[in-house]
Number of protein chains: 2
Amino acid sequence: MVPREEIENRTRAFQEALSAEGLDGALIVQDVDLFYLSGTAQNAHLVVPADGEPALFVRKTLSRAREETSLERVEPLRSLRDLPSALASCGLDGGRLGLELDVLPAAQFLQYQHRLERSELADCSRLLRAVRARKSPWELEQIRRAAGMLSRIDRWTADVLREGMTEIELAAEIERLLRREGHQGIIHFRGFNQEMFYGSVLAGPSAAVPGATETPIVGPGPNVAVSKGASSRPIGRGEPIIIDLCGTWEGYLADQTRTFSLGPVEDKFHEAYEAAREILHTVAAEAGPGRAPSALYDRSVELAGDREGFMGAGEERVSFVGHGFGLEIDELPLLMPGADEPLAEGMVFALEPKFIYPGEGAVGVENSYVVTADGVEQLTTAPEELIEL
Amino acid sequence: MVPREEIENRTRAFQEALSAEGLDGALIVQDVDLFYLSGTAQNAHLVVPADGEPALFVRKTLSRAREETSLERVEPLRSLRDLPSALASCGLDGGRLGLELDVLPAAQFLQYQHRLERSELADCSRLLRAVRARKSPWELEQIRRAAGMLSRIDRWTADVLREGMTEIELAAEIERLLRREGHQGIIHFRGFNQEMFYGSVLAGPSAAVPGATETPIVGPGPNVAVSKGASSRPIGRGEPIIIDLCGTWEGYLADQTRTFSLGPVEDKFHEAYEAAREILHTVAAEAGPGRAPSALYDRSVELAGDREGFMGAGEERVSFVGHGFGLEIDELPLLMPGADEPLAEGMVFALEPKFIYPGEGAVGVENSYVVTADGVEQLTTAPEELIEL
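Residues numbered from 1 in each chain as written. Chains lettered and ligands numbered in written order. Predicted model: local features only at pLDDT ≥ 70, side-chain atom pairs only at ≥ 80, totals over all residues. Heavy atoms only, no water.

*Asks:* Quick rundown of the pattern of salt bridges? Include the residues and the values.
*Replies:* Counted according to the given criterion, the structure contains 62 salt bridges over all chains. Across the pair arginine 10 of chain B and glutamate 6 of chain B runs a salt bridge, and its minimum N-O distance is 2.9 Å. Placement of both arginine 10 of chain B and glutamate 6 of chain B in helix 1 (residues 4–20) is noted, with a separation of four residues, approximately one turn of the helix. Pair check on accessibility: arginine 10 of chain B and glutamate 6 of chain B agree, each one buried. Salt bridges here are not isolated pairs; linked through shared partners, they connect Asp33, Asp102, Arg132, Lys135, Arg190, Glu328 and Glu331 of chain A. (Salt bridge = Lys/Arg side-chain N within 4 Å of Asp/Glu carboxyl O. Helix = DSSP H or I, 4+ residues; strand = E, 2+ residues; numbered from the N terminus. Buried < 20%, exposed > 50% of the residue type's maximum accessible area, 1.4 Å probe, protein only.)

*Asks:* For the sheet that holds strand 10 (residues 241–249) of chain A, give the residues involved together with the corresponding values.
*Replies:* What holds strands together in a sheet is hydrogen bonding between their backbones, with the strands either parallel or antiparallel. Residue and element names in this part refer to chain A. The sheet built from four strands is open, its strands ordered 9-10-11-19 with mixed pairing. Every interior strand has two partners, whereas the edge strands, strand 9 (199–203) and strand 19 (387–388), have only one. With two bridges joining them, strand 11 (residues 252–261) and strand 19 adopt parallel strand pairing. The partner of serine 261 across the bridge, within strand 19, is glutamate 388. (Pairing = 2+ DSSP bridges.)

*Asks:* I'd like a description of the domain arrangement of chain A, backed by residues and values.
*Replies:* Residues and elements named next belong to chain A. Taken as a whole, chain A is organised into domain 1 (4–132) and domain 2 (134–388). A separation of 33 Å is found between the C-alpha centroids of domain 1 and domain 2. Contact residues are listed per partner, giving 15 residues for domain 1 and 14 residues for domain 2. A per-residue breakdown of the area domain 1 buries against domain 2 is headed by Glu6, Arg129 and Arg132, which together make up 47% of the total. For the interface between domain 1 and domain 2, the tally reads five salt bridges. Its salt-bridge partner being aspartate 33, residue arginine 190 comes within 2.9 Å of it at the nearest N-O pair. Linking domain 1 with domain 2 are eleven residue pairs in polar contact (both at pLDDT 80 or more), by the criterion used here. Of all the elements in the fold, those that place two or more residues in the side of domain 1 that touches domain 2 are helix 1 (4–20), helix 2 (31–38) and helix 6 (125–133). Residues that form the side of domain 1 that touches domain 2 fall into these classes: six nonpolar, two polar and seven charged. (Domains from an automatic or database assignment. Contact = heavy atoms within 4.5 Å. Buried area = accessible area lost by both parts, 1.4 Å probe. Polar contact = N/O pair within 3.5 Å; in protein donor to acceptor, adjacent residues only side chain to side chain. Nonpolar A, V, L, I, M, F, W, Y, C, P; charged D, E, K, R; others polar.)

If you want it as structure tokens, here you go:
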């Protein structure tokens, strides 16, 4: 259960953002945003007036929504025809109404346009994502537990990795251990066509296979339809093995990457790995409130210098070095060019310097951090060396 | 790799549907539809003129899209600004253009409206879903292999089920076995806010917990943010255990439910299970080309008669008894009221009669079928009795 005070604070922050943007209210329907603002991810329409009490209108399942949310006003919504009167009952009869246009399906948007003809529909995703970027102490507790789930990845990998095993077989063993700790399996990704489960376990050339996922490391995947993550390729001796996983707790994520191998890796990989660690720690030490995410990106690129393969090779290079996370893996801030909105206390981000060599392999390291009053604190705690087993 | 002939046949069927609907072409961007029509799920815009050759305009990753697709024309797309000229190069300069409005994010739709002001945008999802509903022999091969992945669920469950284990612990063991066979983990769900991974492993009262997922059985889930599927509740003796899983092969799914228990279950559950099996086999025997899906739904309800709990209890009852599947778990046909478009040879559907008792548990059985020239053929083959271990 999300505490009542959390929901009240989040609602207040979102209402302030709505008012500042000249919106009279918002209609929230995406399940992650719903969970954030109401404490339940049941199928519902959440009406948040810029001024006044929010109300939850539930399609399915009402009883469960009532158990899960601390909101006072929870009512059934039988049909979208009843939406105008639901909005009016919250003081929203016409006016500017915010919708989550980045995730709302177009057909549903067109239905709202038709049903809510007295309202002017606008996008409020950016506002809500900005509110969600700053985590409360309660949220940080969940994220710490999510990070804790990843703390034994060194021992787990040592226990289950066997010569001749495929990437998928290694993934199966690690996923089993995570699942036994209550891992939710699915990682929520906001971006269209983006999806993830657990994360990636990739070895040698597989780790350098690019793809449609908005991550530096993608991988071949189990098939062409799900073309990301572990493949059925056997893990060879001396190949760097990238284990990039999310822990989860009560819906919250933490993101961590470590590099392993069966037997020693080439010097080139060792050197790149040490360069990645150096970038990680230098940039983390320079991060803190007031610093622009784009400056951390620039600094990472500067530290990588002439070393090839930083964040991908050639055309497949991604232009970010880290990302926010929380209930979704692609939250704000993004550590990329143009991201000039300064970091603030309570924001969390994953920093993931990686070096990628097509046809050969990839090495890298990633930690999750929270921005504190005067710097950052590291949340992911597994041993950080390149571990040769 | 999807064979070239598959892609050609699918394209032709979709083009005929576009023409019949008075559309001049379609712009396809959702990854599953992309994979269906091009053989790659890379980030791309697929232009399908109603008359002429389709072309794939790729954002990320071009090299991989070229390896995966059998389409002749594959080009980079640097920016959405280049979309009008890409369309024009396929003979589409203005005219009626189909988009996947049921899954396309509203913000992206509004961008297309802005960039493609000479085109009249329309929804082509229904057309494409209807084409996708009829499976080719090659697709049926993949679906048979997906079904085969579930054929040993009786032995697997007997091997791993232990007294005192939680639902999540049982799920972890079964998911590991599936994963080792190459299971893709993620199950593609087309509906907004719908998600699934592997399926559901639920025991006793958990199996009767309703929720937002559009399935008869939902479950509590690992947390309130991911409120579906297995929970951390220990499995008790005499509780029916529902194991409702998808197998996967090359992106294709098959869906199967079996019921187990640790020790004997109450007579009430036995009787309901036998009633579910009776419905399953009677309705399957009556299914075939020309039959309306709605008639199969009506017949199931009729056969369930006065027995309470059929497809859910009270307000939480779902109004369908089966669904199409393929690359997504919620494909056409839906076996529900109003679904009067007759079944045709090559369609596949899962039939899943279930009886649900709030606070107590659920029992049910589900097989996947393909519609043949004169009836249906069962694809899922695990032993069907309620297995008491």
